[in-house]
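Overview (structure and organization)
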Amino acid sequence: MQKQILRFLVLICSGLAANSVSAQTLMEFNFNEGTGSTVTSSEGKLVGTFVGTPTFSSDSPSGLEGDFSMQFATGQRVTVPDPTKLLALDTANPHFTIQAWVKFATPTGRSVFFYNNGPGGAVSASVFTDRTAYVTTLGVKDQQSSATIPDDGKWHHMAVVHEAKKEFRFYIDGQLADTVAYTGSTIFTRTNQVFYIGAEHNGGLQYVGLLDRLRYSKGMLAPEQLDSKATPAGARPKGAVYLPPKSGWAYIFEGNKDTAGDDGSGYTSLDGTWSHDNGSDTWDGSKIGGDLLADAFGVGNAPGGVMSLTEGGVTFLRMQDTGNPTGYQFPDPYSNRKLFFGHDITAEGAPDTFLDDGVTLTFRARIPTPKKTTGPLDQLHRDGQAAAGPQPYPEAGDGYLVSDGGKGNVTIKQLAGGAVAFALTLPDDTFGGAPTGTKAAVAGLTMNRLNGTAITAAVDFDDPGELPTVKLDPTDWHEFWITIKADPTGAGNYQVAVYVDGSTQPSTFSVTAGDGNDFTGVSYLSIGGSRTAENWALDLDFVGYAVGAETPSASPPPTEAPKFSSIARQATGLVLTWTGGGTLQVADNVQGPYADVTGATSPQTVTLSGAQKFYRIKR
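Model, not experiment: these values are computed from the prediction. Every chain is numbered on its own, with residues counted from 1 as its sequence reads. Reporting of local features is limited, given that this is a predicted model, to residues whose pLDDT is at least 70; pairs of side-chain atoms are given and counted only at 80 or more, and all residues count toward the totals for whole chains, interfaces and linings. As a rule here, side-chain values cover all heavy atoms of the structure and leave hydrogens and water aside.

Topic: the packing of aromatic side chains
The pairing test for Phe, Tyr and Trp rings, Trp by its six-membered ring, is centres within 6.5 Å, and the orientation test on the planes gives stacked under 30 degrees, edge-to-face over 60, and tilted for anything in between. For the structure shown, the criterion picks out 25 aromatic pairs. When the ring of F96 is compared with that of Y216, the centres are 6.2 Å apart and the planes differ by 50 degrees; the resulting orientation is tilted. Here Y216 lies in strand β16 (residues 209-218) and F96 lies in strand β7 (residues 96-103), a separation of 120 residues in the sequence. Exposure classes here rest on a 1.4 Å probe applied to the protein chains alone. A residue is buried below 20% of its type maximum, exposed above 50%, and partly exposed in between. A residue is classified by how much of its surface remains accessible, and Y216, at 0% relative accessible area, is buried. An aromatic cluster is built from F29, F31, F96, F114, F195 and Y216, whose rings are joined through pairwise contacts. Here, a charge over a ring is recorded when the distance from Lys NZ or Arg CZ to the ring centre is within 6 Å and its angle to the ring normal is within 35 degrees. Here R366 stacks its cationic end above the ring of F316, 5.5 Å away from the centre of that ring. Stacked on the ring of F340, the Lys or Arg K407 has its end atom at 6.0 Å from the ring centre. Comment: elements are numbered from the N terminus, with helices defined as DSSP H or I runs of at least four residues and strands as E runs of at least two.

What about the sheet that holds strand β33 (residues 573-579)?
A pair of strands counts as paired when DSSP detects no fewer than two bridges linking them. Strands sit in the order β32-β33-β36 across an open sheet of three strands; the sheet is antiparallel. One side of each edge strand has no neighbouring strand; the edge strands of this open sheet are β32 (563-569) and β36 (604-607). Across the sheet, the mean angle separating the axes of adjacent strands is 30 degrees when strand polarity is ignored. Pairing of β32 with β33, which is carried by six bridges, proceeds in the antiparallel orientation. Its bridge partner lying in β33, A568 is registered against V575. Interaxial angle, 0 to 180 degrees, is taken between N-to-C directions of lines fitted to C-alpha atoms, where a helix line uses only the stretch in contact.

Points about the sheet that holds strand β30 (residues 524-529)
The antiparallel open sheet is built from seven strands, whose spatial order is β18-β21-β30-β23-β24-β25-β26. Where the open sheet ends on each side, the last strands, each with one partner, are β18 (274-275) and β26 (469-471). Direction of pairing for strand β25 (residues 444-447) relative to β26: antiparallel, over a ladder of three bridges. Looking at β26, one finds that T446 is bridged to T469.

A short note on empty space enclosed by the protein
Both cavities and pockets are sets of points on a 1 Å grid over the protein atoms alone; in a cavity a 1.4 Å probe fits but cannot get out, in a pocket the set is open with protein on both sides within 12 Å along at least five of seven lines, and lining residues sit with an atom within 4 Å of a point. Grid points are joined across faces, edges and corners, and a volume is the space filled by probe spheres set on the points. Here the structure, examined in full by the defined rule, presents two cavities of 30 Å³ or more. Of the voids in this model, the largest cavity is the one considered here, and its volume is about 60 Å³. Residue lining of the largest cavity: D82, K85, L87, N116, G118, P119, G120, N192, Q193, V194 and F195, and that is the complete set. Every element with two or more residues in the lining of the largest cavity is listed here: β8 (111-118) and β15 (194-197). We call Asp, Glu, Lys and Arg charged. Ala, Val, Leu, Ile, Met, Phe, Trp, Tyr, Cys and Pro are nonpolar, and the rest, Gly among them, are polar. Tallied by class, the residues present in the lining of the largest cavity amount to four nonpolar, five polar and two charged.

Below you can see the structure in the form of structure tokens.
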């Protein structure tokens, strides 16, 4: 998500668990500036300055475009002045919650990522040498835990909840991992009005690694209130028309990563959470284009492949399967004759019956054509057509037809059994890939055939039954919002409602569940194509899902951003005029902290005082 200059603060109050009290966020840093040597808290009142040269990283828990984290190394930290004591706990009930996303190599010493030895309550949070969560009420108690952060090279959420004079509760990835009795409290007599991120005040106990979404709250957050979902609740893909579901997307992939995980390494490809270790994939890790050298894998590359591209400000994943290059002197392994990736959604908490219960799917995609792209597209190597040699990529594009028991360009499958697939299809597409085969004769989004109520392999394009189709030009970008739930009509297994490009009026179909299963033991989301005989290409801007079938809300019409329209000098001051609403704020330094000008409305006369003043409009 792109960081916006204007910051919006939304406070949502909801029912709390019985063992919690109302909590207030005192500080949150998302580190999404991306450049520079300062970071600002989400509400704009705290500004941290770099000591050493910590750097911004595009590696973040969400993986969203424009979402950054902080990378700390030896000698690096952030100092944050807090002269107005924003980080002040309740002296009578000094409950607190500290939470952050962390990614680090096992440290040789305790590693502090938050240190606040201030008058509002002295506390710090860190990770220990055995990768356990650690909290300190500075001057009272250094408290280790048995809450272990997995050593798997991935992002993990850590939280510490302090219930004063009772206990510490340690959470890893939203799950309670340890509870330690604590009858002490918190010291409020310290005087340092600066807190530190990435190390202690003097640079000691350095945290080395990545840190994101640091939060500090007065009060105890319940488990369901923790920021433990990798994709923040309000996040949506860059350029999406639809607002996110009420509970947020469970996962979003923005097509901006194309890493090829090592063979046998599991879910390590693309953004690090996809696998192509399955019988429906032969990707050799190569990108599209380049020198195609037969019998020279490792020197050139096989036709087709997977790569991230940016065109017109849109970053997307291009996948191309040119057919069956094994007949053209590009033998397995790996020929790129099938490209099929799976993302484990059981690991993200999806129920085994989430299709039956209801799920929401979103993606934005197109079939690339030479007239609408500048990126590479390889020649076709049609299955069984080697005598004719490689053929030019079609000017009209090259789509896909659902195959293999319900596998398509985008497929979602529940562990309890049943898969629903979607494909972008063109009229000249053939199921066998050969130009002389039976043509699709439709243009749009196609899906599983309606062919009864038994989970079956017979849901492909060439099987009996109705072919559900949303008619549109698939060579243009389209954003799809799709809900899937058990079919109330009894005609098929699932009722599928498809919303397109901001419309809130769906096309609704009954479909039969496919029996395809390429990633055993889990529910999964997949992208690509699984059939050797077919050739195709797809541009995927983003794809995501949420548990629960929820109707969409389109973005409201854009409103005018606040801006100064006039600054007029008077004898005793300035007259500031602005449009677009918002709140006038003032600071003595351009970096802040900024304070609201009470009661200010446009036009506003301000008196000049001091050496300098800086004004801005916040909305």
